[in-house]
Amino acid sequence: MAALVSNERIRNIAIIAHVDHGKTTLVDAMFQQSGVFRQGQDVDERIMDSMDLERERGITISAKNCSVVVNDVKINILDTPGHADFSAEVERALSMVDGAILLVDASEGPLPQTRFVLKKAFEAGLKIIVVINKIDRSDARVDEVLDEIYDLFIDLDATDEQLDFLVLYAIGKQGIVKKELDDDVDNLNVLFSTIIEEMPPPANDPDEPFQMLVSDLGHSDYIGRLAIGKIVNGSVTSKDNLVVVRSEKQSRLRVSKLQVYDGPDLKEIDSVEPGDIAVVSGTEDFEIGDTICTVEHTKALPGITVDAPTVSMKFTITNSPFSGQEGKKVQSRKIRERLEKEALINVAISFDELDQKDCFIVKGRGEFQMAILVETMRREGFELCVGRPEVIFKYEGDQKLEPVEKLYVDCEETYLGIVTEKLSLKKGKLLNLINNNKGRVNMEFSIPSRALIGYRDEFLTDTRGTGIMNSLFSGYEKYRGDYPVRHTGSLISDRQGKGVAYGLFNLEPRGRLFIRPGDPVYEGMVIGEHNKEQDLYVNPCKEKKLTNMRASGKDESTVCTSVKQMTLEFALNFIQNNELVEVTPKSIRLRKILLPKQKEYINRTKKA
């Protein structure tokens, strides 16, 4: 093997951080100051958050590539998600880079997802530069945060070389990065020069033939599927004849179009040199983890490994009386095709088809990832029903193991009792408690993953919206036993029609309602939460009986209590094991798995 040769004209970096610590905002500033946009050009904020869901929620969901050119050096940048549910996006993104910028909020410091993304970067052997962001915050505590970062590096068993990291200070929103806190700087020149001088350039073996690892997939309406990845060795030109290698399978590829990243966009090019990130098209037979190489030398690279899924959820067609009224895609074939596409582009998602007709079990990294998938399908015009998220158990002999999380809670001291009481009922164990005597406490729990499904809304209610909760998957442990999931039953409509104010007003003492007057309902649809443990069938369509007799007194006006709009996350957290969430482009409804008419049919069939 020949000595490796570095390509000094390229740097490949990822920006990693906890949710909302400023990754995408910093990338915006890098675009502005590197000349990607012309002066005066109208540009949206957080341009890398291209999905509607990302813009609405203010988070990055999928890792995205872009590039800037500074002093004739091309810097390929990957903007990664900060949420652990999207761990596969981080893992495949890190397979394309040689270094990472760890962004940490100057007030919040390193949080659980900071630990998660940094651990992944260490496992990939990346060079780390630490940037403490938002130093202009009134509650910034830069020195303490830096100490916490050192503690985090030590806790993650960083080597002496990794502990000797560079620290920069930033105000990402203003496009400022400086070496020292008191430096008078108004640009990102320090960041650009540090990346070029300190980040290792991509290295390649000049004796090896062309090899490229497919780390991401894209799609073009004109040229079909796109393979995105780093060219590890050799170079490629347009119209080359290549081979896609996957385990024992091989397929031919003729490069129809070759592209590289130019800012946030793609630019067609005739050839790509080693170390650069390329976009190749020419076949539909690409999968993440494939190796693209020459016909003469079919040598596969190590594939991309991701953490195993910990949560599963049931997907099925909707068979309610309202099926097909609001969505265009209702058939199980359409749902299967969409899940196959998702499993292809998202290595953390997998699905199995059940013996039960038109039913699939989808597996992923967390309930939030599942909710994003369902919401995306809903916006694409799908109608479907989904069940409650369930954790995936493992078995070692006769011993049952379950996924366990490290839960970090920051709340006011007043709510310490209610939080610890509820988490202990859910089989949580308090590992650490820090009271800084400033009115707030920090707690660390070890708790089963299943206990956190649906707990976030309850936690915010208990802490009056002032609590902060973050969790991190820590592994599998012995099953800790059962605990009550929901203490209340459901209010279920006993007929089809529309909700009537009179009927709903008289149902309010029975529990909390989810529908408004005028909302359509059907038999077996869950319209509210019962005050008691058992389910109750009710009539939300009941109208006031009118007579020709004049009332002696003035009738009381019927005013129903306002109802909070149903959200997908609330619906998934609320339902029990015998209930489903019916999702359409316009509505989110709750229902029983077996509707009354279906039960009658099954009973008649059994008797016959």
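Scope of this entry: the structure provided in the associated data block. Just so you know, these numbers come straight off a predicted model, no measurement behind them.

What counts, and at which threshold
- Residues numbered from 1 in each chain as written.
- Predicted model: local features only at pLDDT ≥ 70, side-chain atom pairs only at ≥ 80, totals over all residues.
- Heavy atoms only, no water.
- Salt bridge = Lys/Arg side-chain N within 4 Å of Asp/Glu carboxyl O.
- Helix = DSSP H or I, 4+ residues; strand = E, 2+ residues; numbered from the N terminus.
- Buried < 20%, exposed > 50% of the residue type's maximum accessible area, 1.4 Å probe, protein only.
- Polar contact = N/O pair within 3.5 Å; in protein donor to acceptor, adjacent residues only side chain to side chain.
- Contact = heavy atoms within 4.5 Å.
- Phe/Tyr/Trp six-rings, centres within 6.5 Å; stacked < 30°, edge-to-face > 60°.
- Pairing = 2+ DSSP bridges.
- Axes fitted to C-alpha atoms, helices over the stretch in contact; angles between N-to-C directions.
- Right-handed = clockwise from strand over helix to strand, strands pointing away.
- Parallel < 35°, antiparallel > 145°, perpendicular 65-115°, else oblique.
- Left-handed = near helix turned anticlockwise from the far one by under 90°.
- Nonpolar A, V, L, I, M, F, W, Y, C, P; charged D, E, K, R; others polar.

Per the stated rule, a full pass over the model turns up 31 salt bridges. Of the charged contacts, one joins Lys363 and Asp352 as a salt bridge, the two residues approaching to 3.2 Å between their closest N and O atoms. Note that Lys363 is positioned in strand E22 (residues 359-364) and Asp352 in strand E21 (residues 350-353), a separation of 11 residues in sequence. The exposure class assigned to Lys363 is partly exposed, which follows from its relative accessible area of 25%. Given the relative accessible area of 37%, Asp352 is considered partly exposed. Between Lys592 and Glu579 there is a salt bridge whose closest N-O contact spans 2.9 Å. Here Lys592, found in strand E37 (residues 588-592), pairs with Glu579, found in strand E36 (residues 579-583); they are 13 residues apart in sequence, far enough to count as distant. We note that Lys592, like Glu579, is buried. In this structure, a network of salt bridges that share partners links the residues Asp105, Lys134, Arg137 and Asp139.

This next bit is on the side chain of Glu582. Locating Glu582 in the fold gives a position in strand E36. Its relative accessible area of 0% is what places Glu582 among the buried residues. One polar contact links Glu582 to Ser320, side chain to side chain, over a distance of 2.9 Å. Within polar-contact distance, the side chain of Glu582 engages the side chain of Tyr522 at 2.5 Å.

Time to look at helix H1 (residues 23-33). Where burial is concerned, most of H1 is hidden: 8 out of the 11 residues are buried. Inspection of H1 places Lys23, Thr24, Leu26, Val27, Asp28, Ala29, Met30 and Phe31 among the buried residues, and these make up the whole buried set. On the buried face of H1, the contacting elements are strand E2 (10-17), strand E3 (64-70), strand E4 (73-79), strand E5 (99-105), strand E8 (176-178) and helix H7 (189-198).

To describe a pair of aromatic rings, one takes the distance between the centres and the angle between the planes. Per the counting criterion, the structure on display carries 11 aromatic pairs. Measuring from ring centre to ring centre gives 5.1 Å for Phe322 and Tyr522, while their planes differ by 90°; the resulting arrangement is edge-to-face. Of the two residues, Phe322 sits in the loop between strand E20 (311-316) and helix H8 (332-345) while Tyr522 sits in the loop between strand E33 (520-521) and strand E34 (525-530), which places them 200 residues apart along the sequence. With relative accessibility at 0%, the residue Tyr522 sits in the buried group.

What follows is about the sheet that holds strand E10 (residues 211-220). Overall, antiparallel pairing links the 8 strands, which are arranged E14-E13-E19-E10-E11-E18-E15-E16 in an open sheet. Looking at which strands have only one partner, the edges of the open sheet turn out to be strand E14 (249-254) and strand E16 (265-268). The mean inter-strand angle of the sheet, taken between neighbouring strand axes irrespective of direction, is 40°. Looking at chain direction, strand E15 (residues 257-262) and strand E18 (residues 277-281) are connected through 4 bridges and run antiparallel. Bridge pairing in E18 places Leu258 opposite Val280.

Inspection of the secondary structure puts Val409 in strand E26 (residues 399-412). The spatial distance from the C-alpha of Val409 to the C-alpha of Lys542 is 46 Å, given a sequence separation of 133 residues. Dropping the residues within four chain positions of it, Val409 is found in contact with Val419, Leu423, Val441, Asn442, Met443, Phe445, Phe459, Ile468 and Met469.

Another point: the pairing of strand E6 (residues 127-133). Each regular strand shows side chains that alternate between the opposite faces of the sheet. With 6 of 7 residues buried, E6 lies mostly within the body of the structure. Inspection of the sheet shows E5 paired to E6 by 7 bridges, in the parallel sense. The residue bridging Leu102 from the neighbouring strand is Val130, located in E6. Each parallel crossover has a hand, and the one from E5 via helix H4 (residues 112-123) to E6 is right-handed. Looking at chain direction, E6 and strand E7 (residues 166-171) are connected through 4 bridges and run parallel. Each bridged residue has a counterpart across the sheet, and for Val130 the counterpart in E7 is Val167.

Packing of helix H10 (residues 416-425) against helix H12 (residues 455-462) brings their axes to within 10 Å, and their N-to-C directions diverge by 155°. It follows that H10 is roughly antiparallel to H12 by the angle criterion. Of the two possible hands of crossing, H10 and H12 adopt the one that is right-handed. The residues of H12 that touch H10, namely those facing Ile418, Val419, Lys422 and Leu423, are Tyr455, Glu458, Phe459 and Asp462. Each residue belonging to the contact of H10 with H12 can be placed in one class, and the counts come to 5 nonpolar, no polar and 3 charged.

Glancing now at the sheet that holds E4. Spatially, 7 strands are ordered E3-E4-E2-E5-E6-E7-E8 in an open sheet, and the strand pairing comes out mixed. Either end of the sheet is taken by a strand with one partner, and the two such strands are E3 and E8. Each strand of the sheet is rotated relative to its neighbour by a mean of 30°, with strand direction disregarded. Pairing analysis gives 5 bridges linking E2 to E5, with the strands arranged parallel. Along E5, the bridge assignment pairs Ala14 with Ala100. Where H1 meets the sheet, its contacts fall on E2, E3, E4, E5 and E8, and the angle it forms with E2 comes to roughly 145°.

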